[in-house]
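One-letter residues, chain by chain:
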Amino acid sequence: MGFRCGIVGLPNVGKSTIFNALTAAAIDAENYPFCTIEPNVGVVAVPDERLDRLADLVKTRNKVPTQMEFVDIAGLVKGASQGEGLGNQFLGHIRQVDAILHVVRCFEDDNIVHVDGSIDPLRDLEVITMELVLADLDTVEKRLTKAKNQAKSGDKKFLAEAEFLGHIRQVLDAGQPARMVKPEDESQERILRELCLLTTKPVLYVANVSEDDLAGGNPFVDRLGAQAEKEGASVVTIAGAIEQELSLLDREEQQEFLADMGMEEPGLNRLIHAGYDLLGLITFFTVGEKETKAWTITRGTTAPGAAGKIHSDFERGFIRAEVIGYEDYIACGSEAAARDKGLMRSEGKEYIVQDGDCILFRFNV
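As a starting point, this report considers the structure included with it.

## Points about empty space enclosed by the protein
Rolling a probe over the atoms, with the probe sized like a water molecule, indicates the empty space that remains.
For step 1, the next point in the chain: Taken as a whole and judged by the stated rule, the model has 1 cavity of 30 Å³ or more.
For step 2, the next point in the chain: Roughly 80 Å³ of internal volume is contained in the largest cavity.
For step 3, the next point in the chain: Among the elements of the structure, strand S5 (99-105), helix H4 (121-151) and strand S6 (203-208) are those that each provide at least two residues to the lining of the largest cavity.
For step 4, the next point in the chain: Per-element tally for the lining of the largest cavity: the top contributor is H4, with 3 residues.
For step 5, the next point in the chain: Considering only residue class, the lining of the largest cavity consists of 7 nonpolar, 3 polar and 2 charged.

## Quick notes on the packing of H4 against helix H5 (residues 156-173)
For step 1, the next point in the chain: Across the interface, H4 lies against H5 with an axial gap of 9 Å and an inter-helix angle of 155°. Comparing their axes, H5 and H4 come out roughly antiparallel. For the pair H4 and H5, the crossing hand works out as left-handed. Contact residues: H4 offers Val133, Asp136, Leu137, Val140, Glu141, Arg143, Leu144, Ala147, Lys148, Gln150 and Ala151, while H5 offers Phe158, Leu159, Glu161, Ala162, Leu165, Gly166, Ile168, Arg169, Leu172 and Asp173.
For step 2, the next point in the chain: Each residue belonging to the contact of H4 with H5 can be placed in one class, and the counts come to 12 nonpolar, 2 polar and 7 charged.

## Brief notes about the pattern of salt bridges
For step 1, the next point in the chain: Evaluation of the coordinates by the stated rule reveals 16 salt bridges.
For step 2, the next point in the chain: Lys142 is the salt-bridge partner of Asp138, the closest N and O atoms lying 3.3 Å from each other. You can see Asp138 and its partner Lys142 sitting in helix H4, 4 residues apart, about one turn around the helix.
For step 3, the next point in the chain: With relative accessibility at 41%, the residue Asp138 sits in the partly exposed group.
For step 4, the next point in the chain: A salt bridge links Arg190 to Glu194; the nearest nitrogen and oxygen atoms lie 3.2 Å apart. Highlighted residues: Arg190 and Glu194, both in helix H6 (residues 186-195), separated by 4 residues, approximately one helical turn.
For step 5, the next point in the chain: Each of Arg143, Glu161, Arg190 and Glu194 takes part in one network of salt bridges that share partners.

## Looking at the pairing of strand S8 (residues 281-286)
For step 1, the next point in the chain: S8 sits mainly inside the fold: 6 of its 6 residues count as buried.
For step 2, the next point in the chain: The pairing of S8 with strand S9 (residues 292-298) spans 6 bridges and is classified as antiparallel. Counterpart to Leu281 in the pairing with S9 is Thr298.
For step 3, the next point in the chain: In textbook terms, the turn of a hairpin is the stretch between consecutive antiparallel strands, and for S8 and S9 this stretch comprises 5 residues.

## Points about the sheet that holds strand S7 (residues 234-238)
For step 1, the next point in the chain: Overall, mixed pairing links the 6 strands, which are arranged S2-S4-S1-S5-S6-S7 in an open sheet. Both outer strands of the open sheet, strand S2 (40-45) and S7, are each paired with one neighbouring strand and no more. Pairwise comparison of adjacent strand axes, ignoring direction, gives a mean angle of 25° for this sheet.
For step 2, the next point in the chain: Bridge count for S5 against S6 is 6 bridges, and the pairing is parallel.

## A word on the nonpolar core
For step 1, the next point in the chain: Ranked by internal contacts, the top residues of the largest apolar core, which has 58 residues, are Ile18, Leu22, Phe70, Ile94, Leu101, Cys106 and Leu271.
For step 2, the next point in the chain: What Ile18 contacts, discounting residues up to four positions off in sequence, is Val103, Val206, Asn208, Ile238, Gly240, Leu268 and Leu271.
For step 3, the next point in the chain: The next biggest cluster of nonpolar side chains, apart from the first, holds 17 residues, and it includes Leu137, Leu165, Leu192 and Leu197.

## So, helix H11 (residues 303-310)
For step 1, the next point in the chain: Taken together, the buried positions of H11 are occupied by Ala303, Pro304, Ala306 and Ala307. Taken end-on, H11 shows its buried residues confined to a sector of 160°, consistent with a single buried face.
For step 2, the next point in the chain: Buried-residue contacts for H11 involve S8, S9, helix H12 (312-316), strand S10 (318-324) and strand S12 (358-363).

## So, the layout of surface pockets
For step 1, the next point in the chain: Each pocket or cavity is described by its volume, and for the largest pocket that value is around 820 Å³.
For step 2, the next point in the chain: Those elements that provide at least two residues to the lining of the largest pocket are helix H1 (15-23), S2, helix H2 (49-58), helix H8 (240-247), helix H9 (251-261) and helix H10 (267-278).
For step 3, the next point in the chain: Split by residue class, the lining of the largest pocket holds 16 nonpolar, 7 polar and 9 charged.

## Focus: unusual backbone geometry
For step 1, the next point in the chain: Positioned with a positive phi, Asn12 is a non-glycine residue whose angle comes to about 65°.
For step 2, the next point in the chain: Relative to the elements of secondary structure, Asn12 occurs in the loop between strand S1 (4-8) and H1.
For step 3, the next point in the chain: Of note, the phi angle at Lys59 is positive, near 55°, even though the residue is not glycine.
For step 4, the next point in the chain: In this fold, Lys59 is placed in the loop between H2 and strand S3 (63-64).
For step 5, the next point in the chain: Owing to a relative accessible area of 68%, Lys59 belongs among the exposed residues under this scheme.

Reading the values: the criteria
Residues numbered from 1 in each chain as written. Predicted model: local features only at pLDDT ≥ 70, side-chain atom pairs only at ≥ 80, totals over all residues. Heavy atoms only, no water. 1 Å grid on protein atoms, 1.4 Å probe; cavity = no way out; pocket = protein on both sides within 12 Å on 5 of 7 lines; lining within 4 Å. Points joined across faces, edges and corners; volume = space filled by probe spheres on them. Helix = DSSP H or I, 4+ residues; strand = E, 2+ residues; numbered from the N terminus. Nonpolar A, V, L, I, M, F, W, Y, C, P; charged D, E, K, R; others polar. Axes fitted to C-alpha atoms, helices over the stretch in contact; angles between N-to-C directions. Parallel < 35°, antiparallel > 145°, perpendicular 65-115°, else oblique. Left-handed = near helix turned anticlockwise from the far one by under 90°. Contact = heavy atoms within 4.5 Å. Salt bridge = Lys/Arg side-chain N within 4 Å of Asp/Glu carboxyl O. Buried < 20%, exposed > 50% of the residue type's maximum accessible area, 1.4 Å probe, protein only. Pairing = 2+ DSSP bridges. Core = buried A, V, L, I, M, F, W, Y, C linked by side-chain atoms within 4.5 Å. Arc of directions from axis to C-beta.

The structure is reproduced here in structure tokens:
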């Protein structure tokens, strides 16, 4: 698995409520700051009707969905980068995730206190972003000081590194995230990776709204959406309270609840898929009567790399991948029928696995 999304935001914006709904973990979601001190981690199945259809088709005995980890990180506050509100500890937790789900409060409720006294999604967004930027500035400054000292020798490598670090610092000084920096060569890519900056992580904004605003949104959501568009980011709108209530129901009760609400699926399904897309992930399947399983890989993975997700022996001894596209598998009704119709392809080491591929790996160790 190994893919983690960190849920961040100011206190009392609904992070723990959304995490509860995602994982049905029933953790505390209290109306006061820093209810969550140690990060809660939940493993969530990625909903995929393709897995269900394949498993039903071959009458599999065991169906295994692919999974993602979600980490509920305590609410950050202004000054977190200087340790305010246990900020250093919380920023350290963010450093360990692959992507950030930034929950922004877009609902009014006098019974739930806002840490700044009023609802303003853009102000809230700026507070979090600036704390991450300031933490990154500190990291870059330390590396830049070291690079400048090393550059005194006249070594072109360190001179180039100091110049690139200076460019990153300029971007951060302007209040922009480091993901706005575009490396021009492998050396710059390596430096950026080594820095492990918080603001290089991809971000998805989650607009937490009331039940009444779920269908049509509200001015808060509109303002958040406009800002996200400027950043090239996406927004998912959900009603955290409804999602938590849904998560406590069984499947049949959920369907009734969704029908009453005029919803086709839980909002959390959209959130999970958006997190999946944010990380550039795709799914391939292994299909059989004993087990049908979904596997997560990054887009652009070759066939041997995908085989290695199943077992290192598969990658080391890779011979070929026998591939049937999902649509072809469903249309044919079985692997044998797809093979008979010439729809099973034999692919080698250079093949780039596509989303939905049903694969049988041939290997020898």
